[in-house]
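Observations on the three-dimensional arrangement
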Amino acid sequence: MSETELTINGRSHTVSVDPHRPLRDVLRQELGLTGTKESCDSGVCGVCTVLVEGDATKSCLVPVGKVVDKELTTVEGLGSEEELSEVQRAFVDCFASQCGYCMPGFVLAAESLLDDNPSPTVEEIREGINGNICRCTGYVKIVDAIQEAARRREER
Amino acid sequence: MSMHEQTAESERTEHGAEASGDGEFRQIGNSMPRTDAREKLTGETVYTMDAYPEDVLHAKLVTSEHAHALLAEVDTAGAEAMDGVVAVSTAADAPDTRIGEFVFDEPIFAHDKVRYVGEPIAIVAAESERVADAAVDMVDVEYEPQEPVVDLRAAGGTDPPVVVHENLREYGTSEEGFHLDDPDSECANLLTTVTEETGDLETAFEDADLIVEDEYEVNPLQHCSMEAHVAVGHVDGNSATIRTSHQMPHVIKDELSRLFPSFESDDIVVNTPYAGGAFGGKETPIVEPRLLTVARRTDRPVRLALSRHQQYTTSPSRPEFRVRLKDGVTENGDLVARDITIDISVGGYDVEAFNIATALSVSVLGSYDASAVRRTTRAIYTNRPPYGAFRGFGLAEVNFAAERHMDRVADALDIDPLEYRARNLLRAGDRNVNGDSLHPCQNEAVLRVSIDSLDDVAVDTEYPEYATDEWEIGVGHAYGNKSVPQGETNVRIDLAPSGELTARIGAPDVGQGSNTAITQMVAEEFDTPAERVAIIAGDTDETERDMQGPSGSRFTPFTGNALRKAAETLRDELTSIASTMSGLSSDPASLRLGHGSVIDDESGVSVSLQTLIEHGKADDSPLFDGDVFSVVGRYEYTDEEHIYWVPVSQAVLVACNTLTGKIEVLRVSTAADVGTAINPRAVEQQLEGGAGQGIGGAVFEEIVYDGGRVVNGNFKQYRVPKATDLPYDSETIIFESFDTEGPFGAKSVGEVGVFPTAPAIAAAVEDALGIEFAVLPMTPERVMERLTDDHPT
């Protein structure tokens, strides 16, 4: 156990944890940030995706001790109290969400994708979300939503 | 680009619900955004997996390492002595009752014997997950391994090498008088045989000009709900509260009451506000009885989540199916006789196989007309993890065999397979072998339009990357049909003084959008904005009894119709109260609800719901309960005839790699007649998602076993489709023939999207490569094997 300082969604948090513990478990169990989900436990499904310095990262694979001096963003840090981010709004409007369990991970993957490539092609979007699994949708409307979000971001 | 939006719109105009029955709808038919979307996108939705109550203990299961073994000893002393371990439970702690959907065959924790790898033997509850994991390793289980039986044919033979349940006929069953299979049965591992025969089969085969026989095989796969099975339970004195990721909270409550006789039924509360996917995999008790056993040992809340690997071993998967089909046809293509035999693997215990076998026997031939049909379904115990329903309750798997066989027969007759299907298709008003009458619907248009829609695809220009020698392109097509049988459901509606309406429904929204559909139905019934409607779902303490759940395509007819009955009673009471008030007509029938009021259109006078509620309270209205009007609606359907049939077809364009055996689905077109589409975009969601799961199961998803052991029980080795595995070019064509029994003319759409996918892909692979496929999945290895077999170099 050691005192660990984390910067999450622009705020500083101090937790007393084993530095080898996965970031995902610290977020969920110590900080109550359960928008970050757990599912496959092996870095495949992406429901635990967070942004580390803006890059989509699977938090089940990252020991919390490795991210002490990094800027972390979870789904709770997107948009504002009143307003969703363009990506979140596009996912709602395009019917991209069904059971919704994978959605926070997809939204963060999409934010990161669009930060790197503001107007991706369909192929680039499909490749870009291959680190995330959705069992419900068949991905058609998720790809639609990311295209729509790219358009809305351009109009910002 | 994706064409689904535009297509759905144009088809709606052409075949719209408005024209066909109930007048114009205000809320039904609108693609309003899903009511749960916003909170799911922000991460605010708290799934059961996210529930960590204060002071929670973490539980883990000790499970069998052998497919078949005697249990010599279970020693928990080492685990109990560990720091941080609060309780360890085994069979010694559990009531002497057995789990089972039909046959009560599975102990809560194994004693004497284990029958599959993954069978729960003990549970530990500890201060942290890490301690719980370590304690699991400290439970010492001594096995005396026995030979397992895992092969379906061997297990189901007359002289099986192993008898899975020696005392099968001594177990209790959920339906008294409904005995297990004939005790003189030649097969000791037979859970049940269901045989139904219609017409004179022998004569029909004699009269046939051609008889075609073949066998088909569908291998097991996993639901892979993103939220695993998880429950959080708390025992407080004589009462227990369990939150669980499940489809059927009311069923779980009943089952826990039966399994734990020390609790009064009303002292158990089960709650599922949402589930992170289910697909039929969360219909039976899995984690709940194990959790409750250890939760009785502590006054703290306890959380039990299955690991991803345990999803493959300890929670149910889709069974192995072997289907034998024999069809008799006339030379001009009339199907006159069908003999179908289906064997399914139960696994070690009857999680759902008995009910699947029963359901299959009545609904296996809903699409086509054949005068003589025999259906035999056998459910056979093996030493594999128990199997259960997966999106279609077995029908999707059997549809693979049945639709492939339609192609086989058409080929033998040298008739176009589409025309062969069309010729034998049941028409509106026809009765199928069950005696079910097909309600008016556009099933022939459904059959044809999906394949027609691929006519204009220019493969060379639209998919140039596949225009090399390595790839062969093929087109395939198949049909399907889902029916909905008997049942009953109750729904409560509350009207608050504020005018807000709350629908209390027993079935949780597991992802299919049921809460949104119900919101639209309530808004329609009371002509009120959807924002004025709240839903409480899946809490046994807050909702009426519901044994249907979102299961077997039953939500829409059962919950929808029960809700309509409650709404009717409530509207009648409101107009009746209004008719006693000055300025309004004294005839309630001339009054209507609208805009939060009861309105008299003739006089132009209206009275607000708030005022009516005050009057109702003062006049002692029988519907008044506390501060609200509260009404229960009940819908019961008891006819032998099924409620309705939902026709569906799919056409696919595939590319097959002749060097690697890889199959890529480039385009899928799905058509279905869903009755009134309550929310057309949500209908598309279901059909697109069904096709996606269908593609995975057709081309690569398969649980691989070594004997009784799952060897690929994780997402690294068991491939769940990713975005690049599924086509973005996806078209959904919705037909809306108003159904006479469905609420607002609507039918169910949750399951059918997966029905034709695998046979359509198999037909496309045959078109591309000239190889016949009778086995699922069509993995690259199997494709290469077939290519080498059929075209030896």
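Rules of the game
Residues numbered from 1 in each chain as written. Chains lettered and ligands numbered in written order. Predicted model: local features only at pLDDT ≥ 70, side-chain atom pairs only at ≥ 80, totals over all residues. Pairing = 2+ DSSP bridges. Helix = DSSP H or I, 4+ residues; strand = E, 2+ residues; numbered from the N terminus. Axes fitted to C-alpha atoms, helices over the stretch in contact; angles between N-to-C directions. Contact = placed C-beta atoms within 7 Å. Domains from an automatic or database assignment. Nonpolar A, V, L, I, M, F, W, Y, C, P; charged D, E, K, R; others polar. Parallel < 35°, antiparallel > 145°, perpendicular 65-115°, else oblique. Left-handed = near helix turned anticlockwise from the far one by under 90°. Core = buried A, V, L, I, M, F, W, Y, C linked by C-beta atoms within 7 Å. Buried ≥ 20, exposed ≤ 12 C-beta atoms within 10 Å, placed from the backbone. Expected span 1.5 Å × (residues − 1).

**Focus: the sheet that holds strand E3 (residues 49–52) of chain A**
Residues and elements named next belong to chain A. Read across the sheet, five strands follow the order E2-E1-E5-E3-E4 without closing on themselves; strand pairing throughout is mixed. In the strand order of this sheet, the two ends are held by strand E2 (11–17) and strand E4 (55–58), each with one partner. For this sheet, the mean inter-axis angle between neighbouring strands, taken without regard to orientation, is 45°. Strand direction decides the pairing type here: E3 and strand E5 (residues 71–73), joined by two bridges, are antiparallel. In the strand pairing of E5, leucine 51 is matched with threonine 73. Across the sheet, helix H3 (residues 103–116) is in contact with E3 and E4; its angle to E3 comes to roughly 35°.

**Thoughts on the domain arrangement of chain B**
All names here are of chain B. Along its sequence, chain B is organised into domain 1 (51–148 + 224–313), domain 2 (155–221 + 317–381), domain 3 (431–485 + 643–790) and domain 4 (487–637). Averaged C-alpha coordinates put domain 1 and domain 4 at centres separated by 39 Å. Taken residue by residue, the interface counts 17 residues in domain 1 and 16 residues in domain 4. Mapped onto the side of domain 1 that touches domain 4, the elements with two or more residues apiece are helix H7 (249–259) and strand E13 (268–271). The greatest single-element share of the side of domain 1 that touches domain 4, amounting to four residues, is contributed by H7. Residues belonging to the side of domain 1 that touches domain 4 are distributed by class as follows: nine nonpolar, six polar and two charged.

**Topic: the sheet that holds strand E7 (residues 120–126) of chain B**
Residue and element names in this part refer to chain B. The strand order across the open sheet built from seven strands is E3-E7-E1-E14-E11-E12-E13, with neighbouring strands paired in mixed fashion. Looking at the sheet topology across the chains shown, the edges are occupied by strand E3 (85–90) and E13. Strand-to-strand twist across the sheet, computed as the mean angle between neighbouring axes with direction ignored, equals 20°. Strand direction decides the pairing type here: strand E11 (residues 230–236) and strand E12 (residues 239–244), joined by six bridges, are antiparallel. Each residue of the ladder has a partner; that of aspartate 236, found in E12, is serine 239.

**As for the packing of H7 of chain B against helix H8 (residues 287–295) of chain B**
Each pair of packed helices can be summarised by the angle the axes make with each other and by the distance between the axes. Residues and elements named next belong to chain B. Look at H7 against H8: their axes get within 10 Å of each other, and the N-to-C directions meet at 50°. Taken together, H7 and H8 sit at an angle that is classed as oblique. The hand of the H7/H8 crossing is right-handed. In contact with Ile252, Leu256 and Leu259 of H7, H8 contributes Glu288, Pro289 and Leu292. Looking at the contact of H7 with H8 residue by residue, the class counts come to five nonpolar, no polar and one charged.

**Comments concerning the domain arrangement of chain A**
Residues and elements named next belong to chain A. Here chain A is described as being made up of domain 1 (2–76) and domain 2 (86–154). Centre-to-centre, using C-alpha coordinates, domain 1 lies 21 Å away from domain 2. Domain 1 puts 15 residues into the contact, and the matching count from domain 2 is 13 residues. Counting residues per element, the ones that place at least two in the side of domain 1 that touches domain 2 are E3 and E4. Examining the composition of the side of domain 1 that touches domain 2, we find that three residues originate from one element, E3, more than from any other.

**Remarks on the interface of chain B and chain A**
Across the contact, 48 residues belong to chain B and 44 residues belong to chain A. Of all elements in the fold, only helix H2 (37–41) and helix H18 (680–699) of chain B reach the threshold of two or more residues within the side of chain B that touches chain A. Looking at the side of chain B that touches chain A element by element, the count peaks at seven residues for H18 of chain B. Among the residues forming the side of chain B that touches chain A, the class breakdown is 19 nonpolar, 18 polar and eleven charged.

**Thoughts on the nonpolar core**
Residues and elements named next belong to chain B. Core analysis: the biggest nonpolar cluster contains 286 residues, and Val124, Val654, Ala672, Ile761 and Val765 have the highest contact counts within it. For this core, the element with the most residues is helix H16 (residues 555–578), which contributes ten residues. Leave out the neighbours within four places in its chain, and valine 654 touches Gly474, Gly476, Ile663, Glu664, Val665, Leu666, Ile761, Ala764, Val765 and Ala768.

**Here's the deal with helix H19 (residues 757–769) of chain B**
All names here are of chain B. In a regular helix each residue adds 1.5 Å, so 13 residues correspond to 18 Å; H19 covers 18 Å between its end C-alpha atoms and thus fits that length. A large share of H19 lies buried, amounting to eleven of its 13 residues. Of the residues one or two after H19, glycine 770 is the one with positive phi, at around 75°.

**Details of the packing of helix H15 (residues 514–526) of chain B against H16 of chain B**
Residue and element names in this part refer to chain B. Viewed as axis vectors pointing N to C, H15 and H16 meet at an angle of 30°, and their least axial separation amounts to 10 Å. In this view, H15 runs roughly parallel relative to H16, as classed from their interaxial angle. Here the hand of the crossing between H15 and H16 comes out right-handed. Residue-level contacts link Ser514, Ile518, Met521, Val522, Glu525 and Phe526 of H15 to Phe555, Thr559, Gly560, Leu563, Arg564 and Ala567 of H16. Here the residues of the contact of H15 with H16 are counted per class, giving seven nonpolar, three polar and two charged.

**Some words on unusual backbone geometry**
Backbone torsion omega between leucine 776 of chain B and proline 777 of chain B reads -5°, so that peptide bond is classified as cis. Relative to the helices and strands, proline 777 of chain B resides in the loop between strand E32 (775–776) and helix H20 (780–790). The backbone phi angle of glutamate 53 of chain A is positive, close to 50°, even though this residue is not glycine. Looking at the secondary structure, you find glutamate 53 of chain A in the loop between E3 and E4. We classify glutamate 53 of chain A as exposed; it has 11 C-beta atoms within 10 Å. You will see that aspartate 414 of chain B, though not glycine, has its phi angle at about 60°, which is positive. By the secondary structure assignment, aspartate 414 of chain B is in the loop between helix H11 (395–413) and helix H12 (417–424).

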